[in-house]
Every structure is written in C-alpha cells, then in structure tokens.
Amino acid sequence: MLELLSGIIIFIVILLLIGALIALPALLPPIRKLGQRSQTVRVTAILVLGLVSFLVSIGLLTRVAAEVTCIFYTLPFHNNNDYVLTEPGPMGQEQRNRRAAVNELWVRNIMPPPLRYTCYTGDPFGCDLADKMVTSPTWGGYLLLIGMGLVSTSGCSALVWRFTRRRSPKQVEVKPIIEQL
C-alpha cells in the first residue's frame, strides 16, 4: 500500500514539474510586466500556457502508456503474442513493426473510447498489431487521463497567476536625518 501511495505522489510531482516548466515563460520580463498591467493579458497567458501544459502532459502520458503496452505485449512469456516482432528479415523491419504499433497505440490512447477502433497511422500491420494489444477502452480510464492532465494544467496556471500578479510597492519608512543623530 505504501509503494502505491508513494508512486502516486511521485507521479503527481512529475506532472506538477511539467506544469512548472511550461510556466517559466511567464517569468520573462515583457510577459510578466504586461500581465501585471493588464488583466486580459494575464488571463490569456494563464489560458495559453495552461493549454500547452495540458497537451504536453496528455501527449507524454499516452506515449508512455503506448510504449509500456508494446513492451509488455512483446515479452516472450506473453501467451497472446500472435505477431512476432522479430520476424525473419532485416533488423529494420523489426523496428518498423514495433514503431508502427507504438505510434498507432499512441494516437488511439489520445482519442475518446468510441473513436479508438479506427486506423489512424495508415500502416495496416501497425493497426492490426494495435488491435491485438489494446484492451477494451473505458470512459473511466479516459477521464482519469484527462484528470492527470488537469493536474499539470492547474500547477502551470497557478504559477503563471503568481508570476504575473500585481506587486504592491514596499512601504519604506523614511526618518528625518535629525532623529537619526
């Protein structure tokens, strides 16, 4: 149980770090000063960088899921391995088959569950292999993916909001020179 909890915490921290990395352009002086002066610029920066953070995190999560699925599917102890990726022939053919399957799984993981049964990459072998690897998609898993993307988005948006907030000038107490003597 502790391993699962620590894994979840590490995963959330990684997503927040992605959001923080994408929020860094808001620290550039021109963007920061414009955001401090104009509420519209501030909201626009939050929305644009938050959207970029969401898309990057979803893209990374789905790519990792496709790679892991392909790795576990092609292990020698897997019983449902109808397609052998190490077919006789040049080494390039083996890599092409694996790349085609991973690319097809990646695009399918991004799509909502009802749209996952179409061949998106145009490679018939990759699409057929992806059909064999993929399990039945659920809305719960897709909404969990969206929720994980929103973790990165919320972290990015909070940092952009903080970077572009108006700062009140520090009040400096001025004492007359005569009192200081």
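These numbers were taken from a predicted model, which means no experiment stands behind them.

**Let's talk about the nonpolar core**
- By size, the foremost hydrophobic cluster in this structure holds 16 residues, and its most contacted members are Ile22, Ala23, Ala26, Leu49, Leu145, Cys156 and Val160.
- Sorting the residues of this core by element identifies helix 1 (2-23), helix 3 (39-73) and helix 6 (139-163) as the ones contributing at least two each.
- Top contributing element to this core by residue count: helix 3, with 6 residues.
- Not counting residues up to four positions away in its chain, the partners in contact with cysteine 156 are Gly19, Ile22, Ala23, Leu49, Gly50 and Ser53.
- Cys70, Tyr73, Phe125 and Met133 belong to the second largest nonpolar core, which has 10 residues in total.

**Here's the deal with the layout of surface pockets**
- Put simply, the largest pocket is a space of about 610 Å³.
- Lining the largest pocket are 27 residues, and of these Leu61, Thr62, Ala65, Asn109 and Leu145 sit closest to its centre.
- Mapped by element, the contributors of at least two residues to the lining of the largest pocket are helix 1, helix 3, helix 4 (91-110) and helix 6.
- Per-element tally for the lining of the largest pocket: the top contributor is helix 3, with 9 residues.
- Residue composition of the lining of the largest pocket, grouped by class: 18 nonpolar, 8 polar and 1 charged.

**Here's the deal with the confidence of the model for the protein**
- Chain-level statistics for the protein give a pLDDT mean of 82 and a share of 79% at 70 or above.
- The secondary-structure element of the protein with the lowest mean pLDDT is helix 7 (residues 177-180), recorded at 62, while helix 6 shows the highest, at 93.
- When the criterion is pLDDT under 50, residues 76-91 qualifies, and its contacts beyond four places in sequence or with other chains add up to 23 contacts.

**Overview of the pattern of salt bridges**
- A full pass over the atoms with the stated rule returns 4 salt bridges.
- Linking glutamate 104 and arginine 108 is a salt bridge whose minimum nitrogen-to-oxygen distance equals 2.9 Å. Of the two residues, glutamate 104 and arginine 108 both sit in helix 4, 4 residues apart, roughly one turn of that helix.
- Given the relative accessible area of 0%, glutamate 104 is considered buried.
- Put simply, aspartate 131 and arginine 108 hold a salt bridge, and the shortest N to O gap is 2.6 Å. Pair noted here: aspartate 131 is in helix 5 (residues 124-133) and arginine 108 is in helix 4, with a separation of 23 residues, a long-range link.

Reading guide: rules and limits
Residues numbered from 1 in each chain as written. Predicted model: local features only at pLDDT ≥ 70, side-chain atom pairs only at ≥ 80, totals over all residues. Heavy atoms only, no water. Core = buried A, V, L, I, M, F, W, Y, C linked by side-chain atoms within 4.5 Å. Buried < 20%, exposed > 50% of the residue type's maximum accessible area, 1.4 Å probe, protein only. Helix = DSSP H or I, 4+ residues; strand = E, 2+ residues; numbered from the N terminus. Contact = heavy atoms within 4.5 Å. 1 Å grid on protein atoms, 1.4 Å probe; cavity = no way out; pocket = protein on both sides within 12 Å on 5 of 7 lines; lining within 4 Å. Points joined across faces, edges and corners; volume = space filled by probe spheres on them. Nonpolar A, V, L, I, M, F, W, Y, C, P; charged D, E, K, R; others polar. pLDDT = per-residue confidence, 0-100. Salt bridge = Lys/Arg side-chain N within 4 Å of Asp/Glu carboxyl O.

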